[in-house]
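Analysis of the macromolecular model
Chain by chain, the residues:
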There are 2 protein chains.
Amino acid sequence: MTEYLNDSLPCGAIAGRAGDIAPFHVMELMAKAQSLEAAGRDIIHMEVGEPDFATPPAVIRAAQRFLDAGRVGYTPALGLPRLREAIAAHYRDRFGLSIDPERILVTAGASGALLLVLAALTESGDRWLLPDPGYPCNRNFVRAFGGIPESLYVSAEQSFQPDEASVRAAWGEKTRGIIVASPSNPTGTLIVPAELARIHALTRERHGALVVDEIYQGLTYGQAPWSALALGEDLFVINSFSKYFGMTGWRLGWAVVPPGYVRDIEKLAQHYFISASTPAQHAALAAFSPENIAELERRREEFRIRRDTLLKGLKAQDIDVPAHAEGAFYLYADVSRICTDSFAFAHRLLDEAGIAATPGIDFGSREPGRWLRLAYTTDVTRIEEALARIALLLER
Amino acid sequence: MTEYLNDSLPCGAIAGRAGDIAPFHVMELMAKAQSLEAAGRDIIHMEVGEPDFATPPAVIRAAQRFLDAGRVGYTPALGLPRLREAIAAHYRDRFGLSIDPERILVTAGASGALLLVLAALTESGDRWLLPDPGYPCNRNFVRAFGGIPESLYVSAEQSFQPDEASVRAAWGEKTRGIIVASPSNPTGTLIVPAELARIHALTRERHGALVVDEIYQGLTYGQAPWSALALGEDLFVINSFSKYFGMTGWRLGWAVVPPGYVRDIEKLAQHYFISASTPAQHAALAAFSPENIAELERRREEFRIRRDTLLKGLKAQDIDVPAHAEGAFYLYADVSRICTDSFAFAHRLLDEAGIAATPGIDFGSREPGRWLRLAYTTDVTRIEEALARIALLLER
């Protein structure tokens, strides 16, 4: 394949929103891990942001049954009415919340939901407050539509979650809104509902938008189930079938939006996506069945055991995980007592211990060299093996 | 569901790119058709832009086999390497073209491909030339990224396709590129390769981008298979598994882009989509098998017979289809001898003859009231029934 220099591109320049994106540093590590594996090395994968469990059997069966008939046409742009109703029933049964199915928009993954919500809310020059460290794609959804992402630094002492005072201090004339994630990627921390309620009141006062990313909802360990939707109708919630429901590759998620925004986002969905995957939607109809929830709860318990094992093992080796990681499947470890640069350390971890992990630089811009994200998307035996290898490495 | 006035939206205003989109007029007709059907009326659907055939059996079987294992994880952002290679092989076998698989990007439908290509090429204020009438979503992909869609009127005498002279006349200082569709939706017409070659030379001369929408490729009747990729590496081609391959609801498409643009579009794909649907990608691996192509060719022949039947029947009733519709599954009829407003006529056609069709106003802005799009996505018997009903209506 011919490679062109950027200034000699045959069809004109690449737009800033694309050209300016830094590649994920973890890609370099994953490529190295792959070549080590090809050479016969045993690599423990703790860099991966997807569950290692297969799609649950009940969901697979629902998809197979649907495909038997072979009629895989488009669905309405906002999703199968039955699926929107099933999601509303899930909010009722699990969270005691009454959500109008009309407000539930089925999307091509949480990615599709974020894209639609940001497209609907962002005018050129609008600023969005994004907790840092946070999900790296958010800044690019903002930039996609001419918005300006603004880092809101959140410290380990704050559980890597914003508080009302810092949001208020950061909120400026051009601020359009804030995106909060709970549980958070990369830190696994939750926001305290009362604090989120205060942030919500602030966004209400400023006539701005609160977007709450709940894509790891369900994957919490010890906390009562809670959704930001309990705060009122005037906020945007993003969710997904990928993580708790174990359906990453199906690319299916949803958004819950305030009533006055549904029709315009529907038009965007018609034009940008036509509709979300039809087999995925029919498969997801089985996601809320008691049989499937029982399976997902067994998996949640397994994740809890892994978290406890990893957390205890790291602490035993004096590797600090300062914030209480109560959800998702990540620990955000402070490796500053071991190294000065977590990206270099991630390379060392891979080369010398055969462990892949994701450096902080992929998630944040303040002291990223202190941090390493470890995903417990591998089983307890492998986690114990990883801990043993880390112990050996640190003894050297 | 509470409805808010636009000026009292609780989370701030809706962005222009969403609020300014006119709803599709056909939606109103489809809602009416649905309530007529609920009341027992027999409606002939000629408004639908998707094949009435089920997903072909070979593709369904491939999906089922893949799902048996239950492991439905993310794929690489640009798609399964095997699928990218299969698409390259398809270009070789069917079109005699050698396309580097690295240039082939698997996307969430052609919609995802258009979104990524426009995101990569459009800076705020860039102008894109869009043939009018044309696919209505294109202007919203352009507007998504701050671009300005500019109508390039194409007349029936031009087969509703642009020529080099008119593109040259319309090309201005801020023009970023042009999107051409062949076969075209809503008109079913093809562009003459030599004319497209001249337009390509012009975009090359202006250091601009030529985007060719080939999503109806394969659905042509009497023309030799051809792809704009024969013109060189320096253009963008959009394609889809939806139409010829009969996979609409799976949401899978692809783009072929010039070598220098792959890496940046890959970054956008990672951030905006993560990856396209995994079951769809595994299903599509079976799309190019000889068994499946044989089935698709049988369907193509069926579409040809439908087109001939509909075209002949309309002409017999003095309803003009002025441009030669050699592809897709649409005829664009000039109904100006019957009515002054094709939208009102579409309502009459539905009310009095039980036929649903799409008015020109959904596709173009110059004299849209002359035009009606009739999709032959229903079988010959139903098409003959529709023709009989139209004859009755016109006798009144």
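About the criteria used
- Residues numbered from 1 in each chain as written.
- Chains lettered and ligands numbered in written order.
- Predicted model: local features only at pLDDT ≥ 70, side-chain atom pairs only at ≥ 80, totals over all residues.
- Heavy atoms only, no water.
- Helix = DSSP H or I, 4+ residues; strand = E, 2+ residues; numbered from the N terminus.
- Rg over C-alpha atoms; globule rule 2.2 N^0.38 Å.
- Buried < 20%, exposed > 50% of the residue type's maximum accessible area, 1.4 Å probe, protein only.
- Contact = heavy atoms within 4.5 Å.
- Areas by Shrake-Rupley, 256 points an atom, 1.4 Å probe, with all protein chains shown as cover.
- Lys, Arg positive; Asp, Glu negative; His and termini not counted.
- Charge placed at Lys NZ, Arg CZ, Asp CG, Glu CD.
- Buried area = accessible area lost by both parts, 1.4 Å probe.
- Polar contact = N/O pair within 3.5 Å; in protein donor to acceptor, adjacent residues only side chain to side chain.
- Pairing = 2+ DSSP bridges.
- Axes fitted to C-alpha atoms, helices over the stretch in contact; angles between N-to-C directions.
- Salt bridge = Lys/Arg side-chain N within 4 Å of Asp/Glu carboxyl O.
- Least-squares fit on C-alpha atoms with pLDDT ≥ 70 in both.
- pLDDT = per-residue confidence, 0-100.

**What to know about the overall build of chain A**
Each helix and strand counted, chain A has 13 helices and twelve strands in total. Rg of the C-alpha trace for chain A: 21 Å, near the compact-globule value of 21 Å for 396 residues, within the 12% margin. When its C-alpha atoms are laid out on the principal axes, chain A stretches across 60 × 55 × 50 Å. Expressed as a percentage of the 396 residues in chain A, the buried residues total 64%. Residue pairs in contact within chain A that sit at least 24 positions apart in sequence constitute 74% of those at least 6 positions apart. Element-wise, carbon and sulfur atoms account for 52% of the exposed surface of chain A, whose accessible area totals about 14,000 Å². In chain A, the 40 positive side-chain charges and the 49 negative ones have mean positions that sit 3 Å from each other.

**Digging into the interface of chain B and chain A**
Across the contact, 87 residues belong to chain B and 87 residues belong to chain A. The contact between chain B and chain A buries some 7,200 Å² in all, and 56% of this surface belongs to carbon and sulfur atoms. The interface formed by chain B and chain A holds 48 residue pairs in polar contact (both at pLDDT 80 or more) in total. At the level of elements, helix H1 (16–19), helix H3 (57–69), helix H5 (109–121), helix H6 (137–144), helix H9 (262–272) and helix H10 (278–284) of chain B are the ones that each hand at least two residues to the side of chain B that touches chain A. The dominant element in the side of chain B that touches chain A, judged by the number of residues it contributes, is H9 of chain B, at eight residues.

**Considerations on the sheet that holds strand S6 (residues 209–213) of chain B**
Residue and element names in this part refer to chain B. An order of S2-S8-S7-S6-S5-S3-S4 is seen for the seven strands of this open sheet, with the pairing classed as mixed. Looking at strand neighbours, the two that pair on one side only are strand S2 (104–107) and strand S4 (148–153), the edges of this open sheet. Recorded for the sheet is a direction-independent mean angle of 25° between the axes of neighbouring strands. In this sheet, S4 lies alongside strand S3 (residues 127–132) in parallel orientation, the contact comprising six bridges. Bridge assignment links Asp132 to a residue of S4, and that residue is Tyr153.

**Considering the pattern of salt bridges**
Inspection of the entire model under this criterion finds 66 salt bridges over all chains. Of the charged contacts, one joins Arg143 of chain B and Asp20 of chain B as a salt bridge, the two residues approaching to 3.2 Å between their closest N and O atoms. Here Asp20 of chain B lies in the loop between H1 and helix H2 (25–38) and Arg143 of chain B lies in helix H6, a separation of 123 residues in the sequence. Given the relative accessible area of 25%, Arg143 of chain B is considered partly exposed. For Asp20 of chain B, a relative accessible area of 53% puts it in the exposed group. A salt bridge links Asp308 of chain B to Arg304 of chain B; its shortest N-O distance comes to 2.6 Å. Pair noted here: Asp308 of chain B and Arg304 of chain B are both in helix H11 (residues 290–316), with a separation of four residues, about one helical turn. Residue Arg304 of chain B is classed as partly exposed on the basis of its relative accessible area, which comes to 28%. Put simply, Asp42, Arg382, Glu385 and Arg389 of chain A are held in one network by salt bridges that share partners.

**Examining the relation of the copies chain B and chain A**
Take chain B, turn it by 180°, move it 0.0 Å along the axis, and it overlays chain A with an RMSD of 0.0 Å. Here the symmetry operator amounts to a two-fold rotation axis. Taking C-alpha positions as the reference, the residue of chain B nearest the rotation axis is Phe145 of chain B, at 2.8 Å. Both copies share a contact surface, since 100% of the interface residues of chain B are interface residues in chain A too.

**Describing the confidence of the model for chain A**
Residue and element names in this part refer to chain A. For chain A, mean pLDDT is 96; residues scoring 70 or higher make up 98% of the total. For the stretch residues 1–5, pLDDT sits under 50, and the model shows 16 contacts to residues farther than four places along the chain or on other chains. The complex model carries a pTM of 0.97, and its ipTM stands at 0.96.

**Concerning the environment of Gly253 of chain A**
Residue and element names in this part refer to chain A. Positionally, Gly253 belongs in strand S8 (residues 253–256). By relative accessible area, Gly253 is classed as buried at 0%. Measuring from C-alpha to C-alpha, the distance between Gly253 and Leu152 comes to 26 Å, with 101 residues separating the pair along the chain. Leave out the neighbours within four places in its chain, and Gly253 touches Leu105, Val106, Thr107, Ala108, Gly109, Ala110, Asn239, Ser240 and Phe241.

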